[in-house]
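# Structural characterization, general
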Amino acid sequence: MSSLTRIANDIPKSTISADLAAGRKRLDSVWNGIIPGMVLVAMITAVAFSARNVSGFALFSPMILAVVAGMVYSNVLGTPAHAKAGIAFSQKRLLRFAIVLLGFQLTLGQVVSIGASGVGIVALTLGATFLFTITLGRLIGVDAKLAQLIAAGTSICGASAIVATNIVTDARDEDVTYAVASITLFGTVAMLGFPLLAPLLGLDQHAFGLWAGASIHEVAQVIGAGFQNGTQSGEIATVAKLTRVAMLAPMVIALGLMARRKSSGDQSAARPPMPWFVAAFVAVVALNSLVTIPVELKQAMALATTIMLTMGLAAMGLQADISQLRSRGLRPLALAFSAFLFIGGFSLMLVKLA
């Protein structure tokens, strides 16, 4: 005991004070940096979830409502400077982790259940829609990065695909917000309108479910449209949509490789980030396919995924400048509308031919 006391006495008091001060400074840095921004993002996320209980807002996912609420807050009240670090953390780290967790909503068995023709319809529709949107965007003068975001949101899985794609395309926050807003608009039109078209087009429940799953933008919108036409239709639509979600991984990898190839000739260009979250997403899908995960745990992870995606999109809304959105004009909106018409028509043709 006396030796310990001697050692303690030998340590300079100034060293202890310096270490304590350094530790306090690090804590203050975290509090003054990340925490305030995350609290603000969490508040907007809570507003988005609560707003769904209001009549008329239940049609929209909390992710979409969070973007709108974030934009209103930042453009009316202004985003505090001390909250920016936490907002950036929510926009980047939380979103990537949420995309990984999306893998728990999909198994390879689900993909197989719609058959080879169903998987083929989904894959062909996705690829054709993406290429059509990118090509048309180039022809009408839409910024390439914004066109990629609209293409991903329309062809794959709405806001989640836009977020994942932006990690490798690195577009401006205003572009992300514009893309989310446009695919939400036309996805909502599809959710409400497609079930009304089913009898006119002579689609049975299986055919309609496949059409809805292959063409409607958001997962929630697909579920809403599918089950509106019957239980079998809703189940098939959900599986077809989740098959599109699974194709998010190869699409993002391809975009990442394209971005690296373009930047390889310019040594000053920043190297695009490796899509590590895509590999993690694939691993989670494989795990979910091989291991039986309790239903309660999967439900909890699905809720956590939605919350983190909502927080990330709330953060994007907080950094969106409406004047910058207006500066983009109507061409990107026309592109999103054209992509909406194309994916609906092309997938319907394939379903009819199958």
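Residues numbered from 1 in each chain as written. Predicted model: local features only at pLDDT ≥ 70, side-chain atom pairs only at ≥ 80, totals over all residues. Heavy atoms only, no water.

## Things to note about the overall build of the protein chain
From N to C terminus, the protein chain includes 17 helices and zero strands. Burial analysis of the protein chain (354 residues in total) assigns 48% to the buried set. Expressed as a percentage of contacts within the protein chain between residues at least 6 apart in sequence, the contacts between residues at least 24 apart total 82%. For the protein chain, the exposed surface amounts to about 16,800 Å²; the carbon and sulfur share of it is 68%. (Helix = DSSP H or I, 4+ residues; strand = E, 2+ residues; numbered from the N terminus. Buried < 20%, exposed > 50% of the residue type's maximum accessible area, 1.4 Å probe, protein only. Contact = heavy atoms within 4.5 Å. Areas by Shrake-Rupley, 256 points an atom, 1.4 Å probe, with all protein chains shown as cover.)

## Things to note about the environment of Ala 286
Among the secondary structure elements, Ala 286 is positioned in helix α14 (residues 276–290). For Ala 286 and Phe 104, which are 182 residues apart along the polypeptide, the C-alpha to C-alpha distance reads 9.1 Å.

## Looking at the packing of aromatic side chains
Two descriptors summarise a pair of aromatic rings, namely the distance from one centre to the other and the angle between the planes of the rings. The full count for this structure, using the stated rule, is eight aromatic pairs. Centre to centre, the rings of Phe 132 and Phe 342 are 4.3 Å apart; their planes meet at 5°, and the pair counts as stacked. Of this pair, Phe 132 sits in helix α6 (residues 115–140) while Phe 342 sits in helix α17 (residues 331–353), and the two are 210 residues apart along the sequence. Of the residues examined, Phe 132 reaches a relative accessible area of 26% and is grouped as partly exposed. Their ring planes at 15° and their centres at 5.7 Å tell us that Phe 186 and Phe 340 sit as a pair that is stacked. With Phe 186 in helix α9 (residues 173–201) and Phe 340 in helix α17, this pair connects stretches of sequence that are 154 residues apart. On the accessibility criterion, Phe 340 (10% relative accessible area) is buried. (Phe/Tyr/Trp six-rings, centres within 6.5 Å; stacked < 30°, edge-to-face > 60°.)

## Structural notes on the nonpolar core
Membership of the largest hydrophobic core comes to 99 residues, with the highest contact counts inside it found for Ile 156, Val 180 and Leu 313. If you tally residues by element for this core, the top one is α9, at 10 residues. Not counting the four nearest positions on each side in its chain, Ile 156 is found in contact with Leu 126, Ala 161, His 217, Lys 241, Arg 244, Leu 248 and Met 251. (Core = buried A, V, L, I, M, F, W, Y, C linked by side-chain atoms within 4.5 Å.)

## A few points about helix α12 (residues 231–246)
With 16 residues, α12 ought to run about 22 Å at 1.5 Å a step, and its terminal C-alpha atoms sit 23 Å apart, in line with that. Looking at α12, one finds that the buried residues are Ser 233, Gly 234, Ile 236, Ala 237, Val 239, Ala 240, Lys 241, Leu 242, Thr 243, Arg 244 and Val 245. (Expected span 1.5 Å × (residues − 1).)

## Some thoughts on the packing of helix α7 (residues 144–157) against α9
Running from N to C, α7 and α9 point in directions that differ by 35°, and their axes come no closer than 9 Å. Between α7 and α9 the crossing geometry is right-handed. Contact with α7, carried on its side by Leu 146, Leu 149, Ile 150, Gly 153 and Thr 154, involves Asp 175, Val 176, Tyr 178, Ala 179, Ser 182 and Ile 183 of α9 and no other residues of that element. (Axes fitted to C-alpha atoms, helices over the stretch in contact; angles between N-to-C directions. Left-handed = near helix turned anticlockwise from the far one by under 90°.)

## Quick notes on the environment of Arg 244
You can see Arg 244 is positioned in helix α12. For the pair Arg 244 and Ala 123, spaced 121 residues apart in the sequence, the C-alpha separation amounts to 7.4 Å. Excluding residues that lie within four positions of it along the chain, Arg 244 makes contacts with Val 122, Leu 126, Thr 154, Ser 155, Ile 156, Ala 212, Gly 213, Ala 214, Ser 215, Ile 216, His 217 and Ile 343. A distance of 3.2 Å separates the side chain of Arg 244 from the backbone oxygen of Ser 155, its partner in a polar contact. A distance of 3.2 Å separates a polar side-chain atom of Arg 244 from the backbone oxygen of Ile 156. (Polar contact = N/O pair within 3.5 Å; in protein donor to acceptor, adjacent residues only side chain to side chain.)

## A look at the side chain of Thr 79
Structurally, Thr 79 is set in the loop between α3 (62–76) and α4 (84–101). Reaching out from Thr 79, the side chain makes a polar contact with the backbone oxygen of Leu 318 at a distance of 3.0 Å. Apart from the residues lying within four places of it in its own chain, the contact partners of Thr 79 are Ser 74, Lys 84, Ile 87 and Leu 318.

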